[in-house]
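# Structural features, examined
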Amino acid sequence: MDKILRTITSDGSLMASAIDSTDLVYTAQRLHGLSKTATAALGRLLTGASLMGAMLKETDATLTLKVAGGGPLGNLVALADSRGNVRGYVDHPEADLPLKPNGKLDVGGAVGREGRLAVIRDFGNGKPYVGQVELLSGEIAEDITEYYAVSEQVPTVCALGVLVNKETGEAMLSGGLLIQVLPGADDKAVSRLEENVGKLESITTMLAKGMTVEEICRKALDGFEVEVLDQFQVNYVCNCSKERFSNAMLTLGAKEIRELPLNEQGQAEAVCHYCNRKYYFTREELDVLARQAEESARKK
């Protein structure tokens, strides 16, 4: 079962969070039919969103990461809640690229580098906070690091990894590490962190060696006294429902609802971007929604 663990140094200078996201990335691959490169790209984004979402203080808050890099994958989206549960999608899940000369997946090429990473925090008050940053590489982790440095002025180390079987394309291991320098940290603490980070193996290598998320955090913060703040399970979770689609349809207007195309069974089909679940609406159900939309328009 996937898990996030959050730690802080006893002197309050550094905070580190680590996640094993293997199951949720595998679930995303299965739901969306992701290619090898799409698995690595969306998997990294889901992992990063989960880590960032778990940092939200408000219980009902959500965090959305949107990447538009101009690459063959199209737009990538990941949405996380304050417990690190996450869901997401990519416009073109089938898109793939040849391996790079070093044998690694070309995530940056598939995502593209001519665009932006947007971070949207929604606290449920109708006034979401939106921050944006130009993409550095399209490799996701570097772009999240850049976001924190530019948009929030928080020195951050972000490492994300997805190990994919090059032959079968199956997601095997995935995880992430997010370290932030807190206000009041001195130069000695920052230098020690930089030294530690320079020695770290990749996230997937550490997971493959059997290291736990706590061991990964402690290795990253070697030389510091470390306290565990909390730890909890995370999952790929979609909250779609027919009711939610019905409410969304009401915003279309009565005319548009009645003109929705029907399949051979005489039903309108709605598909969830996040989990690909399909919902069907009969002509009678559409008529009811159209009348509701008309009634709502009259009251405005």
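Please refer to the structure placed before this passage.
First, a word on what this report is: a plain description of the structure on this page. Per chain, the residues get numbers from 1 upward, laid out in the order the sequence is written. Reporting of local features is limited, given that this is a predicted model, to residues whose pLDDT is at least 70; pairs of side-chain atoms are given and counted only at 80 or more, and all residues count toward the totals for whole chains, interfaces and linings. Based on all heavy atoms of the structure, the side-chain values leave hydrogens and waters out of the count.

Moving on to unusual backbone geometry. The backbone phi angle of Ile140 is positive, close to 80°, even though this residue is not glycine. Runs of E in the DSSP output that reach at least two residues are strands. Runs of H or I that reach at least four are helices, and both are numbered from the N terminus. Following the sequence through the fold, Ile140 ends up in the loop between β7 (129–134) and α4 (141–151). Unusually for a residue other than glycine, Asn276 sits at a positive phi of about 65°. Mapped onto the elements, Asn276 comes out in the loop between β11 (267–271) and β12 (278–282). Accessible area is worked out with a 1.4 Å probe on protein chains only. A residue is then buried under 20% of its type maximum, exposed over 50%, and partly exposed in between. Classification of Asn276 by relative accessible area gives partly exposed; the value is 36%.

Pairing between the strands of a sheet is mediated by backbone hydrogen bonds and can be parallel or antiparallel. A pair of strands is considered paired only if DSSP assigns at least 2 bridges between the two. What the five strands build is an open sheet, ordered β8-β9-β2-β1-β10; its pairing is antiparallel. A strand with exactly one partner marks an edge of an open sheet, and here the two such strands are β8 (156–164) and β10 (226–233). The mean angle between the axes of side-by-side strands here comes to 10°, regardless of whether they run parallel or antiparallel. Pairing analysis gives six bridges linking strand β1 (residues 3–9) to strand β2 (residues 14–20), with the strands arranged antiparallel. Paired with Ile8 across the bridge in β2 is Met15. Working convention: axes come from line fits to C-alpha atoms, limited for helices to the stretch in contact. Angles between N-to-C directions cover 0 to 180 degrees.

Put simply, a nonpolar core is a bunch of buried Ala, Val, Leu, Ile, Met, Phe, Trp, Tyr and Cys residues held in one set by side-chain atoms that sit within 4.5 Å of each other. With 69 residues, the main nonpolar core has Met52, Leu65, Leu73, Leu76, Leu117, Ile144 and Phe281 as its most contacted residues. Throughout, a contact is declared for two residues whenever any of their heavy atoms are within 4.5 Å. Dropping the residues within four chain positions of it, Leu73 is found in contact with Ala38, Ala41, Val90, Asp91, His92, Ala95, Ala110 and Val111.

Locating Val164 in the fold gives a position in strand β8. Val164 sits in the buried class, given a relative accessible area of 4%. Sequence spacing of Val164 and Asn75 is 89 residues, and the spatial spacing of their C-alpha atoms is 21 Å. Residues within four places of Val164 in sequence aside, it is in contact with Lys36, Thr39, Leu105, Gly169, Glu170 and Met172.

A separate point is the packing of aromatic side chains. Here the aromatic set is Phe, Tyr and Trp, taking the six-membered ring for Trp, and pairing holds for ring centres within 6.5 Å; pairs whose planes are under 30 degrees apart are stacked, those over 60 apart are edge-to-face, and all others are tilted. For the coordinates displayed, the defined rule picks out three aromatic pairs. Aromatic pair Tyr147 and Tyr148: ring centres 5.4 Å apart, planes at 65°, arrangement edge-to-face. Across this residue pair, the class does not change: Tyr147 and Tyr148 are buried. Summarising the aromatic geometry, the rings of Phe245 and Tyr279 are spaced 5.3 Å apart at their centres and angled 40° between planes, so their arrangement reads as tilted. Taken together, the residues span a long stretch of sequence, with Phe245 in helix α8 (residues 242–250) and Tyr279 in strand β12 at a distance of 34 residues. Tyr279 shares its class with Phe245; the two are buried. Look at NZ for Lys and CZ for Arg. If either is within 6 Å of the ring centre and within 35 degrees of the ring normal, a charge sits over the ring. Over the ring of Tyr274 we find Arg87, and its NZ or CZ is 5.0 Å from the ring centre.

Once that is clear, we can look at the packing of helix α1 (residues 22–32) against helix α2 (residues 36–53). What describes two packed helices is the angle between their axes and the distance between those same axes. Across the interface, α1 lies against α2 with an axial gap of 10 Å and an inter-helix angle of 130°. One finds that α1 runs oblique with respect to α2. Between α1 and α2 lies a crossing whose hand is right-handed. Contact residues: Leu24, Val25, Ala28, Gln29 and His32 in α1; Thr39, Leu42, Gly43, Leu46 and Thr47 in α2. Under the convention adopted here, Pro, Cys and the residues Ala, Val, Leu, Ile, Met, Phe, Trp and Tyr are nonpolar, Asp, Glu, Lys and Arg are charged, and Gly plus all remaining residues are polar. Among the residues forming the contact of α1 with α2, the class breakdown is five nonpolar, five polar and no charged. Here the angle decides the label: under 35 degrees means roughly parallel, over 145 means roughly antiparallel, 65 to 115 means roughly perpendicular, and every other value means oblique. Handedness of a helix crossing follows the sense of rotation of the near helix relative to the far helix, less than a right angle counterclockwise being left-handed and clockwise being right-handed.

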